[in-house]
Protein chains: 2
Amino acid sequence: MAEPIDFYFEFASPYGYLASTRIDALAERHGRTVRWHPIMLGAAFKETGARPLTQVPLKGPYLVHDVPRFARYLGVPLTLPPVIPMNSLAASRACVWLEEQYPVQAKTLAKALLYAHWGEGRDLGAPEAVADVAAGLGIDRAALLAAVADPRIKDLLKERTQAAIERGVFGSPFIFVDGEPFWGADRLPQIEAWLSKGGW
Amino acid sequence: MAEPIDFYFEFASPYGYLASTRIDALAERHGRTVRWHPIMLGAAFKETGARPLTQVPLKGPYLVHDVPRFARYLGVPLTLPPVIPMNSLAASRACVWLEEQYPVQAKTLAKALLYAHWGEGRDLGAPEAVADVAAGLGIDRAALLAAVADPRIKDLLKERTQAAIERGVFGSPFIFVDGEPFWGADRLPQIEAWLSKGGW
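Structure report, in brief. (Residues numbered from 1 in each chain as written. Chains lettered and ligands numbered in written order. Predicted model: local features only at pLDDT ≥ 70, side-chain atom pairs only at ≥ 80, totals over all residues. Heavy atoms only, no water.)

Tallying the contact residues gives 31 residues for chain B and 32 residues for chain A. Summing both sides of the interface, chain B and chain A together bury roughly 3,100 Å²; the carbon and sulfur share of this comes to 58%. Of all residues in chain B, Leu58, Tyr62 and Tyr73 of chain B bury the most surface against chain A, accounting for 22% of the area lost on that side. Salt-bridge contacts for Arg69 of chain B lead to Glu180 of chain A; the nearest nitrogen and oxygen are separated by 2.7 Å. Joining chain B to chain A, the criterion identifies 17 residue pairs in polar contact (both at pLDDT 80 or more). Of all elements in the fold, only α3 (41–48), α4 (59–74), β4 (180–183) and α10 (188–197) of chain B reach the threshold of two or more residues within the side of chain B that touches chain A. Ranked by residue count, the leading element in the side of chain B that touches chain A is α4 of chain B, at eight residues. The residue makeup of the side of chain B that touches chain A, split by class, is 18 nonpolar, four polar and nine charged. (Contact = heavy atoms within 4.5 Å. Buried area = accessible area lost by both parts, 1.4 Å probe. Salt bridge = Lys/Arg side-chain N within 4 Å of Asp/Glu carboxyl O. Polar contact = N/O pair within 3.5 Å; in protein donor to acceptor, adjacent residues only side chain to side chain. Helix = DSSP H or I, 4+ residues; strand = E, 2+ residues; numbered from the N terminus. Nonpolar A, V, L, I, M, F, W, Y, C, P; charged D, E, K, R; others polar.)

Written as structure tokens, this is what we have:
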């Protein structure tokens, strides 16, 4: 079995959402699976000095124009949420918690949260908003809310984020294929080419 | 005749070089021409707070790995130059000067300078190094060296750069198609799609 693809993303990143709608099918076309890794991009930004694009002159207006255009290009639903970037701690912790016991369901939850935030424009900063989405998938609200406040889960997300940064991750999406790092949703065609050719 | 494509680039940007090797042929496939605009990206970085990628933790090592890989993907010669980013004032001013009288030759010079710097890895920070490349194209060395030191040409490049920033340019390459801004060499497939479909 070929090596799984590692897909790092930040819930508050629109480009992470856009790539998330394609990465599994892309991998499947080439007999690969994908491991999803939600991370807190702010920790990487401390290393690189980056700020959320929406807060940067010139880049902010570009993003607001480019993200809906990119979504139309892919044929993906997109509603800009009220706050960009939202606080993604609860969403990320919920996925880290669920993955411990139910990895497949954790990916389903991640997709539902990304869709609620970027497809429907809902803010998921509050743990209750994350629990609402999870409840729709049959995930226990109370258990999720407890997990999101659990110091062990908080630390686990921190460790995962730190491990990603140590691997070189500084943006969202950030994708490793056969150890090769690719940054950005606009690199999906190169990733497809890499998988088709077995590298170049 | 359809609107020309505007191609903004910084000589010291490897992604500008990579896109430069494709943009004219891409445009020609769709009956378009391309206007080339060398700019001093540092002026835009003052607006956005960006730094040259090579000086940024995590992003620097990514660039050094990604640029040669991207060049192999395109089948384009690539030799990382000794200094990244080089001082691109002389190269940019030479092109701005030449374009006043010989627009076609200015593009030829820009291509030769990009190839010397990124294809062969030559540093073109010194005006003499720029003049060496230009002389190979039959351009008068003395006239070029005088132009590069001419306050009028200096101001012209500043004005062009400022006009680019006012149009929203903050990176290299930065490409406008029918008024639509596209940032990055990895957006060439989207530009191709835009031209094929007449937008989306």
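Let's shift gears to the pattern of salt bridges. All chains considered together, the criterion is met by 28 salt bridges over all chains. Note that Glu120 of chain B and Arg122 of chain B form a salt bridge whose closest N and O atoms lie 3.1 Å from each other. If you follow the salt bridges from partner to partner, you end up with Asp66, Arg69 and Asp186 of chain A together with Glu180 and Arg187 of chain B in one network.

Attention now goes to the relation of the copies chain B and chain A. Each of the two chain copies can be generated from the other by rotation about an axis followed by a shift along it. When chain B is fitted to chain A, the best match, at an RMSD of 0.0 Å, comes from turning it 180° and sliding it 0.0 Å along the axis. With respect to symmetry, the two chain copies, as superposed, fit the operation of a two-fold axis. The position closest to the rotation axis in chain B is occupied by the C-alpha of Asp186 of chain B, lying 2.9 Å away. Residue by residue, 100% of the interface of chain B is reproduced at the interface of chain A, so both copies engage with the same surface. (Least-squares fit on C-alpha atoms with pLDDT ≥ 70 in both.)

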